[in-house]
Amino acid sequence: MRNGKLKSHKIKIGLSMEGWRIYFLALLVFLSAAVIFFRLYSLQVTAHDAYRSIAQNQHYIFQELNPERGEIFLKDGNGTYPLAINREFKMAYAVPKEIKNREEAAIRISSILELDENLVIEKLADSEDMFEVLKHKLTDEEISKIKKLEISGVRLMPESFRYYPAGELAAQTVGFVGSDEKEYKGRYGLEAYWEEDLRGTPGDLSQERDAGGRWISIADREFNPAQNGIDLVLTIDRVVQYEIEKILKETVEKHGADSGTILAMEARTGKILAMVNHPSFNPSEYSKCEDMSLFMNPSVSEAYECGSVFKAITMAIGVDDGKVEPDSVYYDSGSVREAGYTIKNSDEKTYGEQTMTQVLEESLNTGAIYVEKQVGNKKFADYTKRFGFGEKTGIELPGESRGNINNLKALKRDIQFFTAAFGQGITVTPLQLINSYSVIANGGKLMKPQLIEKKIYPGGKIEKIEPQEIRRVIKKETAEKLSQMLRSVVENGHGKRAAVPGYLVGGKTGTAQVAKSGEKGYEEGIAIGSFAGFAPIEDAQFTVLVKIYNPKDVQWAESTAAPAFSRVMKFLLEYYKVSPTEEYEL
Amino acid sequence: MARNKVVAGGNYCRWRRKKQKTKNKTITGSINTSFVMAVFIFLSGLFYLYSINNNAIKGCQVRRAEKELTEQKKENEQLRIQEAELNSLYRLKKESEGLNMSELKEIVYIKESGPIALR
């Protein structure tokens, strides 16, 4: 019994020792399996996307295909001239990892590329860095020097930028493409307004590749081609634009003015032939321009109190409403008193009995007030709106201002209507003003100002843009009467210096005060001279507006804007071969 | 060469051409399939090599032509830009000043009232 007990005890001990080892082994296997399972889980599930991406990168080529940005053209006779195009430049970049003596390389690179030495040293400092941009838009000289440099790890790469080969020409109209810290896109002008159409749609390519990185031509391929942007052909003629830019620059410099704007429009269609502002900038080097306000287009964004040039609109309203005729007579007492204010003629003279034509010839404030009174406030406000004031013209440019005719909302405040009758107290943009003169020139229709002549789609399809009539504003007879009255202004009135020998020209001067910003009243000694008109009277082809801001040597528009108008109109009539209708002596 | 034999008669003998035994032999048996397959594979191989080589040459030519086309397009684009720059009216104005050319101040139209002689 005792031996038997001892034996069974031994066996028990033996079994428990053996079981421990098995359990240990099982635990080891289990732990190993758990570790492998965990590792597999982390590789296949947690890091699935990362490894999938690595694998795909090894086996596939993915490439985003960038569309080519559409180009912008000016009219050039019967052809076109590129105003905004895409140009390939070279960029210098470094792979610091591949550069052996980084400090020496930095010194040499900075001297060639005219970069700050410390900046380049800093860029090349990281020995694991694979890519550092050194400089964009390299010159030919820089390219050749970099090629001769022969430093491994310094390379050139092509990159496309927007380029404006005509320099400053039509700069504020075309705008430019620039970076807003996220992407390159149209920032101002047509480049911004037409961004979506010009940019196009990116495409992509996905293709399997072999171990050597070569495309496997028989393998599956996903290819979505990029859709290039559309090209725009403008209604602006490059020679007209250039000549008018020249005239405006000379005028501004001659009179020591701060700035100026000239617009030329085809009277019947509303097509813009030139949109000129001075001073301007070179859109290819916009970053060098210190005054960012120059990027704006004052022709459409800068509303101003235009002054007496508005009297033609007041008179058109009076005639169209049947309240006055060109030879209707009123008595000018030299001033009008209203609501405690005394409104005088600009020359502070009294003219006595005057016809409506003489009101325009002598630019009488009292005469404009007389017409407004005859028409009545409500009708005057309605007509003003119908002429397009207080609303956007719809031109294809960003930042267009509506102007401000809010003073015409309070129908009981006569004083505001009286001042509006001669162009004070309401603001208009140069584009609105020239468009309203085109109404008189073309027989009474308000046209939508047109800047785009045609769109050319990537496939070659051409979409021609037709002129668009917004509404009829005045009767044809009214327009004809007004044309003759405005002709008389140029022949007998303040607009004599706007005349063009051999042609009948109609137009009106306006010398406006400049409202103080943020407070009531007008700036002392600052004026804006304007002249708006058209020619030839019997079959008006062109409407032109000249606006000169703050000329220093002369006060009145007849000495600043009117002569510039004459030069512009003369050029237009000759350039477009409009035959003279009148005899004239040289 | 056909052999002759001597034919002896009663009092003569002559040579007579030995009659040739003609046998109509027909070749029978089966064509070795493996051999045919080998020939076929060999020819196919040759054709394949030729095609591959030909394709490779064509591919190379196409690539070269495409490269040339791209370069031509680039050059064309550069020339277009250069033309636009040279045609820039601001540039022309600057160049003309350098050449001491004077600007046209006035265009005079003459009225034709009879025969005009020009020289």
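The model shown is predicted, which means the values in this text are computed figures rather than measured ones. (Residues numbered from 1 in each chain as written. Chains lettered and ligands numbered in written order. Predicted model: local features only at pLDDT ≥ 70, side-chain atom pairs only at ≥ 80, totals over all residues. Heavy atoms only, no water.)

### Thoughts on the interface of chain B and chain A
Selection criterion: Note on definitions: a residue-residue contact is assigned when non-hydrogen atoms from the two residues lie within 4.5 Å. Using a 1.4 Å probe, buried area is obtained as the accessible area two parts lose upon being combined, added over both of them. The salt bridge definition used is simple: a Lys or Arg side-chain nitrogen within 4 Å of an Asp or Glu carboxyl oxygen. The term polar contact refers here to a pair of N or O atoms within 3.5 Å; inside protein, the definition further demands a hydrogen-donor-capable atom paired with an acceptor-capable atom, and it admits residues adjacent in sequence only when both atoms are side-chain atoms. Secondary structure counts use DSSP, requiring at least four H or I residues in a row for a helix and at least two E residues in a row for a strand, with both numbered from the N terminus. Throughout, the ten residues Ala, Val, Leu, Ile, Met, Phe, Trp, Tyr, Cys and Pro are labelled nonpolar, Asp, Glu, Lys and Arg are labelled charged, and all others, Gly among them, are labelled polar.
Residue-level contacts link 18 residues of chain B with 23 residues of chain A. Buried surface at the junction of chain B and chain A, summed over both partners, amounts to about 1,800 Å²; 51% is from carbon and sulfur atoms. B:Arg80 is the salt-bridge partner of A:Glu71, the closest N and O atoms lying 2.8 Å from each other. Counting across the chain B and chain A interface gives six residue pairs in polar contact (both at pLDDT 80 or more). Sorting the residues of the side of chain B that touches chain A by element identifies helix H1 (33–87) and helix H2 (89–98) of chain B as the ones contributing at least two each. Considering every element that reaches the side of chain B that touches chain A, the biggest residue donor is H1(B), with eight residues. Residues of the side of chain B that touches chain A, tallied by class, amount to seven nonpolar, three polar and eight charged.

### Digging into the sheet that holds strand E8 (residues 203–208) of chain A
Residues and elements named next belong to chain A. Rules: Strands pair, by our definition, only if DSSP identifies at least two bridges between them. Each axis is a line fitted through C-alpha atoms, taken for helices only over the stretch in contact, and angles between the N-to-C directions span 0 to 180 degrees.
Pairing is antiparallel in the open sheet, where three strands are placed in the order E1-E8-E9. Edge positions in the open sheet fall to strand E1 (60–65) and strand E9 (221–224), since each of these has one partner strand only. Ignoring which end each strand starts from, the neighbouring axes of this sheet average 10° apart. Sheet topology note: the E1/E8 ladder contains six bridges and is antiparallel. By the bridge assignment, Gln 63 is partnered in E8 with Leu 205. Strands in contact with helix H2 (residues 48–59) are E1 and E8; relative to E1, the strand with the most contacts, it is inclined by about 90°.

### Concerning the sheet that holds strand E23 (residues 542–549) of chain A
All names here are of chain A. Across the sheet, which stays open at both edges, the five strands sit in the order E12-E11-E23-E22-E21 with antiparallel pairing between neighbours. If you trace the sheet from one side to the other, it starts and ends with strand E12 (272–278) and strand E21 (506–515), each paired once. Between one strand and the next, the sheet's axes are offset by a mean angle of 10°, whatever the strand orientation. In the sheet, strand E11 (residues 259–266) pairs with E23 via eight bridges, with the strands oriented antiparallel. What sits directly across from Thr 261, in E23, is Lys 547. Strands E21 and strand E22 (522–535) of the sheet are contacted by helix H17 (residues 476–492), whose axis makes an angle of about 75° with E21.

### What about a nonpolar patch on the surface?
Residue and element names in this part refer to chain B. Defined as follows: Patch membership requires more than 30% relative accessible area and the absence of a salt bridge. Residues of like charge join within 9 Å; the nonpolar side chains Val, Leu, Ile, Met, Phe, Trp and Tyr join within 5 Å. Computed with a 1.4 Å probe, the accessible areas rest on the Shrake-Rupley method; for each residue, only the protein chains presented here act as cover. To sort residues, take the accessible area from a 1.4 Å probe on protein chains only and compare it with the maximum for the residue type: under 20% means buried, over 50% means exposed, and anything in between is partly exposed.
On the surface, a nonpolar cluster with roughly 710 Å² of combined accessible area is contributed by Ile 31, Phe 35, Val 36, Val 39, Phe 42, Leu 43 and Leu 46. Note that Ile 31 resides in the loop between strand E2 (13–17) and H1. What makes Ile 31 exposed here is its relative accessible area of 69%.

### Points about the pairing of strand E3 (residues 79–94) of chain A
Residue and element names in this part refer to chain A. Most of E3 sits out of view: 12 of its 16 residues are buried. Pairing geometry for strand E2 (residues 72–76) and E3, over five bridges, is antiparallel. Pairing of Leu 74 across the sheet is with Tyr 81, part of E3. In sequence, E2 turns back onto E3 through a hairpin of two residues, with Gly 77 there showing a positive phi of about 65°. Taken together, the 10 bridges between E3 and strand E5 (residues 154–163) define a ladder with antiparallel strand orientation. Within E5, the position partnered with Asn 86 by the bridge is Arg 162. Alignment of E3 against strand E4 (residues 132–135), held across three bridges, turns out to be antiparallel. Counterpart to Ala 94 in the pairing with E4 is Glu 132.

### Some remarks on the packing of aromatic side chains
Residue and element names in this part refer to chain A. Applicable threshold: Between the rings of Phe, Tyr and Trp (Trp by its six-membered ring), a pair exists once the centres lie within 6.5 Å; its type follows the angle of the planes, with under 30 degrees stacked, over 60 edge-to-face, and the other angles tilted. Note on geometry: a ring has a charge over it if NZ (lysine) or CZ (arginine) is within 6 Å of the ring centre and within 35 degrees of the ring normal.
Counted by the stated rule, this structure contains 20 aromatic pairs over all chains. Their ring planes at 35° and their centres at 5.3 Å tell us that Phe 542 and Tyr 576 sit as a pair that is tilted. With Phe 542 in strand E23 and Tyr 576 in the segment after helix H18 (557–575), the pair connects residues that are 34 residues apart, well separated along the chain. Using a relative accessible area of 4% as the deciding quantity, one classes Phe 542 as buried. The ring of Tyr 81 is capped by Arg 238, whose NZ or CZ atom sits 4.4 Å from the centre of that ring. Over the face of the ring belonging to Tyr 457 we find Lys 461, whose NZ or CZ atom lies 5.0 Å from the ring centre.

### Some thoughts on unusual backbone geometry
All names here are of chain A. His 278 connects to Pro 279 through a cis peptide bond whose omega is 5°. Among the structural elements, Pro 279 can be located in the loop between E12 and helix H10 (298–301). Put simply, Ala 535 and Pro 536 share a cis peptide bond, and its omega is -15°. Position of Pro 536 relative to the elements: it lies in the loop between E22 and E23.

### A word on a negative patch on the surface
Note the threshold: Positive charges are assigned to Lys and Arg, negative charges to Asp and Glu, while His and the chain termini are left out of the count. To locate a charge, the coordinates of NZ of Lys, CZ of Arg, CG of Asp or CD of Glu are taken.
A grouping of A:Glu64, A:Asp204, A:Asp220 and A:Glu222 is seen on the molecular surface, where their side chains present a negatively charged patch. Along the chain, the position of A:Glu222 falls in strand E9.

### Focus: the packing of helix H11 (residues 311–320) of chain A against helix H13 (residues 365–375) of chain A
All names here are of chain A. Which entries qualify depends on this criterion: Should the near helix be turned anticlockwise from the far one by less than a right angle, the crossing is termed left-handed; should it be turned clockwise, right-handed.
Contact geometry of H11 with H13 gives a least axis separation of 9 Å together with a crossing angle of 35°. The handedness of the crossing between H11 and H13 comes out as left-handed. The residues of H13 that touch H11, namely those facing Lys 311, Thr 314, Met 315, Ile 317 and Gly 318, are Asn 365, Ala 368, Val 371, Glu 372 and Val 375. Along the lines of polarity and charge, the residues of the contact of H11 with H13 split into five nonpolar, three polar and two charged.

### Digging into the pairing of E2(A)
With three bridges joining them, E2(A) and strand E10 (residues 231–237) of chain A adopt parallel strand pairing. The residue of E10(A) that forms the bridge with A:Phe73 is A:Val233.

### Side note on the confidence of the model for chain B
One rule of thumb: low pLDDT means the predicted coordinates there are not for detailed reading. Residues and elements named next belong to chain B. What counts is decided by this rule: A residue's pLDDT is the confidence the predictor assigns to it, expressed on a 0 to 100 scale.
Per-chain confidence: chain B averages 81 in pLDDT, with 76% of residues scoring 70 or above. Confidence scores differ between elements of chain B, with strand E1 (residues 4–8) showing the lowest mean pLDDT of 64 and H1 the highest of 92. If you check the scores for this complex, the pTM reads 0.80 and the ipTM reads 0.70.

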